[in-house]
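Coordinate analysis (summary)
One letter stands for each residue in the lines below.
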Amino acid sequence: MQRVHDAVGVPSLEHHVPLERADTKRVKARKRAQLSALLGAASSFARHASRIVDVGAGQGHLTRAASRAWDKDALGLDREASFVSVAKDLALDHRVDFRRWDAFHEDVALEASDLVLGLHACGEVGDVLVKRAAEAKARVLLVSCCPQKVRAEFREPLSRAGQNEELRLPRLVLGLANLSQLEQGVESSLLDTMRSRQTRHGMRILLQHRGFPVRAGEEMRGVNRRRAYKGLPTLAEAVLAFRQLPPASSAELADCERQALAEYGMMRRLSLPRAMFARLVEVAVVLDRATFLQESGYLVEVSTVFDATVSPRNLGIFAAPSPVGKAWR
Ligand SMILES: C[S@@+](CC[C@H](N)C(=O)[O-])C[C@H]1O[C@@H](n2cnc3c(N)ncnc32)[C@H](O)[C@@H]1O
């Protein structure tokens, strides 16, 4: 496992800058840490741009902070009207504008002097971002996430090198990138997460015993996933009520808990190799995008821009068209 980690290691470019107080309003601690690291890592890279275009800007936290830190006009684009509306409310600065825009169905006018940003631009939005930026010869700073969020069953490689290597990844494989490699869970402890998974397995067993076998994940249909953290009796109550099935008896619950305990440890061990692929899949997608930009005449650097505890989706692509790009740092 360590050897796979080492093989996909990406050098770190961590350099935090303090955020202005006005830019931290309604921004959660983890997002603040991401913003401060990204602004620090890209400050000299951003100098050469005359405008920032933030793709998948969400509520515009990065757009605002980048505009202020780098003293530039900024445009934030997002598909969700509610995010755009919050972003507009929070943008007190006249240099920042937000617009509703769907990456899959609308064009966007980019200039060669733009810096196109994407912080956790999910899945296919990241692909659209690099393609549009390359057409305009604009600079790119992209931190990718959720590679499985693609409309087709497969993600086609953007780069010629990726096409030659047949780096055509199915959505199921892309989803492996989200498996956590951390000692600690992001929302809860690993122990609690494992217990909740065992509980969910117990729930599947219960449904199977009742004559309703379901695929993994399907047992939670109609029920908040956090219910699984409360143990099988609580989860079963909600799941059976949702499915309009009679409540479980204590003996039935105890029986399913016993079977889940016996099976879950084995399932965990068998699934270990899946986790080894997480970083590999992520790095493959990021390098395909980076290579596409390189093939399009860019100078490209890929760096780890913040700590995995702040967000495991932390690989940044910095790309500037050459020869201007020679002075990008
Ligand atoms: C993970 S969030 C990141 C938001 C923000 N950049 C941040 O770091 O806080 C991804 C954003 O991409 C937006 N998005 C998803 N699909 C999109 C599309 N097709 N066109 C434009 N925006 C999209 C979502 O609405 C969401 O705000």
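A look at the pattern of salt bridges
Across all of its chains, the model carries 20 salt bridges by this definition. Here Arg 95 ties to Asp 73 by a salt bridge, and the two come within 3.0 Å at their closest N and O atoms. Note that Arg 95 is positioned in the loop between helix H4 (81–90) and strand E3 (96–100) and Asp 73 in strand E2 (residues 73–78), a separation of 22 residues in sequence. Classification of Arg 95 as partly exposed rests on a relative accessible area of 25%. In this structure, Arg 132 engages Asp 107 in a salt bridge whose closest nitrogen and oxygen atoms are separated by 3.6 Å. A residue pair is termed long-range when its members are at least 10 positions apart, and Arg 132 in helix H5 (residues 124–136) and Asp 107 in the loop between E3 and strand E4 (114–122) qualify at 25 residues. Connected through shared salt-bridge partners, Asp 127, Arg 155, Asp 288 and Arg 289 make up one network.

As for the nonpolar core
Judged by nonpolar contacts, the single largest core of 31 residues is most densely connected at Val 130, Val 140, Leu 293 and Ile 317. Counting residues per element, this core draws most heavily on H5, at 7 residues. Beyond its immediate sequence surroundings of up to four residues, Val 130 is in contact with Val 140, Leu 142, Leu 158, Arg 289, Phe 292 and Leu 293. In this structure, Leu 35, Phe 45, Trp 70 and Phe 306 belong to the second largest nonpolar core, which totals 26 residues.

Quick word on the site of the ligand
The immediate surroundings of the ligand are formed by 16 residues, with Lys 31, Gly 56, Asp 78, Ala 103 and Leu 119 found nearest. For the ligand, a nitrogen atom lies 3.2 Å from a polar atom in the backbone of Arg 79. Leu 119 is positioned with one of its backbone polar atoms (N or O) 2.8 Å from a nitrogen atom of the ligand. For the ligand, the protein covers 84% of the area, taking 590 Å² as the surface of the free molecule. With 3 residues, E4 is the largest single contributor of residues to the shell around the ligand. Among the residues making up the shell around the ligand, the classes are represented as 8 nonpolar, 3 polar and 5 charged.

Regarding the packing of helix H8 (residues 190–209) against helix H9 (residues 232–242)
Viewed as axis vectors pointing N to C, H8 and H9 meet at an angle of 50°, and their least axial separation amounts to 10 Å. Classified by the interaxial angle, the pair formed by H8 and H9 is oblique. Where H8 crosses over H9, the handedness of that crossing is right-handed. Across from Thr 199, Arg 200, Gly 202, Met 203, Leu 206 and Leu 207 in H8, the residues of H9 making contact are Leu 232, Leu 235, Ala 236, Val 239 and Leu 240. Of the residues contributing to the contact of H8 with H9, the split by class is 8 nonpolar, 2 polar and 1 charged.

Section: the sheet that holds E2
The strand order across the open sheet built from 7 strands is E3-E2-E1-E4-E5-E9-E8, with neighbouring strands paired in mixed fashion. Looking at strand neighbours, the two that pair on one side only are E3 and strand E8 (298–304), the edges of this open sheet. Each strand axis lies, on average, 15° off the axis of its neighbour in the sheet, ignoring direction. Pairing analysis gives 7 bridges linking E8 to strand E9 (residues 315–321), with the strands arranged antiparallel. The partner of Leu 299 across the bridge, within E9, is Ala 320. Of the strands in this sheet, strand E1 (51–55), E4, strand E5 (139–145) and E8 touch H5, which is tilted by about 170° from E4.

Quick look at helix H3 (residues 61–70)
Residues separated by three or four positions in an α-helix point in the same direction, a consequence of the helix having 3.6 residues per turn. H3 sits mainly inside the fold: 8 of its 10 residues count as buried. His 61, Leu 62, Thr 63, Arg 64, Ala 65, Ala 66, Ser 67 and Trp 70 are the residues of H3 that are buried. Where H3 is buried, its residues touch helix H2 (29–46), E1, E2, H4, E3 and E4. Just downstream of H3, Asp 71 is the residue with a positive phi angle, here 60°.

Quick look at unusual backbone geometry
Unlike most non-glycine residues, Arg 26 shows phi in positive territory, near 65°. As for its position among the elements, Arg 26 is in the loop between helix H1 (2–7) and H2. Unusually for a residue other than glycine, Lys 137 sits at a positive phi of about 60°. Inspection of the secondary structure assignment puts Lys 137 in the loop between H5 and E5.

A closer look at the packing of H2 against H3
Running from N to C, H2 and H3 point in directions that differ by 40°, and their axes come no closer than 10 Å. Taken together, the axis directions place H2 and H3 in an arrangement best described as oblique. Considering how the two elements wind past one another, H2 and H3 form a crossing that is right-handed. Only His 61, Leu 62, Ala 65, Ala 66, Ala 69 and Trp 70 of H3 make contact with H2, whose side of the interface consists of Lys 31, Leu 35, Leu 38, Leu 39, Ala 42, Ser 43 and Ala 46. Looking at side-chain class alone, the contact of H2 with H3 contains 10 nonpolar, 2 polar and 1 charged residues.

Quick notes on the rules
Residues numbered from 1 in each chain as written. Predicted model: local features only at pLDDT ≥ 70, side-chain atom pairs only at ≥ 80, totals over all residues. Heavy atoms only, no water. Salt bridge = Lys/Arg side-chain N within 4 Å of Asp/Glu carboxyl O. Helix = DSSP H or I, 4+ residues; strand = E, 2+ residues; numbered from the N terminus. Buried < 20%, exposed > 50% of the residue type's maximum accessible area, 1.4 Å probe, protein only. Core = buried A, V, L, I, M, F, W, Y, C linked by side-chain atoms within 4.5 Å. Contact = heavy atoms within 4.5 Å. Near = heavy atom within 4 Å. Polar contact = N/O pair within 3.5 Å; in protein donor to acceptor, adjacent residues only side chain to side chain. Areas by Shrake-Rupley, 256 points an atom, 1.4 Å probe, with all protein chains shown as cover. Nonpolar A, V, L, I, M, F, W, Y, C, P; charged D, E, K, R; others polar. Axes fitted to C-alpha atoms, helices over the stretch in contact; angles between N-to-C directions. Parallel < 35°, antiparallel > 145°, perpendicular 65-115°, else oblique. Left-handed = near helix turned anticlockwise from the far one by under 90°. Pairing = 2+ DSSP bridges.

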